[in-house]
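Below are the chains, spelled out letter by letter.
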Amino acid sequence: MKLQDELPVNSRLATVWRIGAGLGGIFLIVFGCLGLADHPGFLATHGDRIAGLSTNGALSILSIVAGAILVAGAVIGGNFASTLNMVVGVLFVLSGFYGLVVLGRPDANILNFRMSNVLFAFIFGVILTAFGMYGRVSSHLPHDNPFWRQRAEHETARPSGPKTFVKVLNPNPGPTHPVGH
């Protein structure tokens, strides 16, 4: 399925997508602002923790920018918010892998990641991606879902009715000629 803007929008689904983007964005903005208020060095590898996460100036600014993008996606809404949630969620999961790579290497750990930051990045990324995929990506969408209708237009008709199982007893049907009869 292509995730393009010409896909239908359902107001109930758009609300879920907006809530995910808005709450995630607000959290990131608050975290970034609190991190900057602590006056850490821009690329410092030490500093206080904010909400259990370590931070520095670069991570705080990056958090504010990512949060502002998510809040903008919540304001725009629709398919854009869904796609944005999925993209930003995947980027957070990738940042978690970055954090794993640079743990214990102060020269490469420019965002001051600790294990708590890595866990947050993975969890936040998966949750944000799930918010973006909600109601859009599934094999069992209800028939009143606009994405199911969009898919159904392009699929060929399948036979209806109960499923049947066929057991083949004799794969070569025809008269048999037993010996001696």
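Parameters and conventions
- Residues numbered from 1 in each chain as written.
- Predicted model: local features only at pLDDT ≥ 70, side-chain atom pairs only at ≥ 80, totals over all residues.
- Heavy atoms only, no water.
- Core = buried A, V, L, I, M, F, W, Y, C linked by side-chain atoms within 4.5 Å.
- Buried < 20%, exposed > 50% of the residue type's maximum accessible area, 1.4 Å probe, protein only.
- Contact = heavy atoms within 4.5 Å.
- Patch = residues over 30% accessible without salt bridge, like charges linked within 9 Å, V, L, I, M, F, W, Y side chains within 5 Å.
- Areas by Shrake-Rupley, 256 points an atom, 1.4 Å probe, with all protein chains shown as cover.
- Salt bridge = Lys/Arg side-chain N within 4 Å of Asp/Glu carboxyl O.
- Helix = DSSP H or I, 4+ residues; strand = E, 2+ residues; numbered from the N terminus.
- Phe/Tyr/Trp six-rings, centres within 6.5 Å; stacked < 30°, edge-to-face > 60°.
- Axes fitted to C-alpha atoms, helices over the stretch in contact; angles between N-to-C directions.
- Parallel < 35°, antiparallel > 145°, perpendicular 65-115°, else oblique.
- Left-handed = near helix turned anticlockwise from the far one by under 90°.

Caption draft 1: Here's a closer look at the nonpolar core. Counting residues in each nonpolar core, the largest one holds eleven residues, listed as Ala21, Leu28, Ala66, Leu70, Ala74, Leu84, Val88, Phe92, Ala121, Phe124 and Leu128. Ignoring sequence-local partners within four residues, the contact set of Ala74 consists of Arg18, Ala21 and Gly22. Counting residues in hydrophobic clusters, the runner-up holds eight residues, among them Ala58, Leu59, Leu111 and Val118.

Caption draft 2: Broad picture of a nonpolar patch on the surface. Together, Val87, Val90, Leu91, Leu94, Phe97, Leu100, Met115, Leu119, Ile123 and Ile127 give the surface a local cluster of nonpolar side chains, amounting to about 910 Å² of exposed area. Every element with two or more residues in the nonpolar patch is listed here: helix H3 (78–102) and helix H4 (115–133). Structurally, Leu91 is set in helix H3.

Caption draft 3: Highlighting the packing of aromatic side chains. According to the stated counting rule, one finds six aromatic pairs in the structure shown. Seen from their ring centres, Phe92 and Phe120 are 6.4 Å apart, and the 85 degrees between their planes marks the pair as edge-to-face. Taken together, the residues span a long stretch of sequence, with Phe92 in helix H3 and Phe120 in helix H4 at a distance of 28 residues. Here Phe92 falls in the buried class, since its relative accessible area comes to 14%. Ring geometry for Tyr98 versus Phe113: centroids 5.7 Å apart, planes at 75 degrees, classification edge-to-face. Residue Tyr98 is found in helix H3, and its partner Phe113 is found in the loop between H3 and H4; the two are separated by 15 residues along the sequence. These aromatic residues form a ring-pair network of at least three members: Phe27, Phe92, Phe120 and Phe124.

Caption draft 4: Structural view of the packing of helix H2 (residues 57–76) against H3. Between H2 and H3, the shortest axis-to-axis distance is 7 Å and the interhelical angle comes to 155 degrees. The angle between the axes of H2 and H3 places the two elements in the roughly antiparallel class. Considering the relative orientation of H2 and H3, their crossing is left-handed. Counting all contacts with H2, which are made through Ile69, Leu70, Gly73 and Ile76, the residues of H3 involved are Gly78, Phe80, Ala81, Leu84, Asn85 and Val88.

These values are about where atoms sit, not about what they do.
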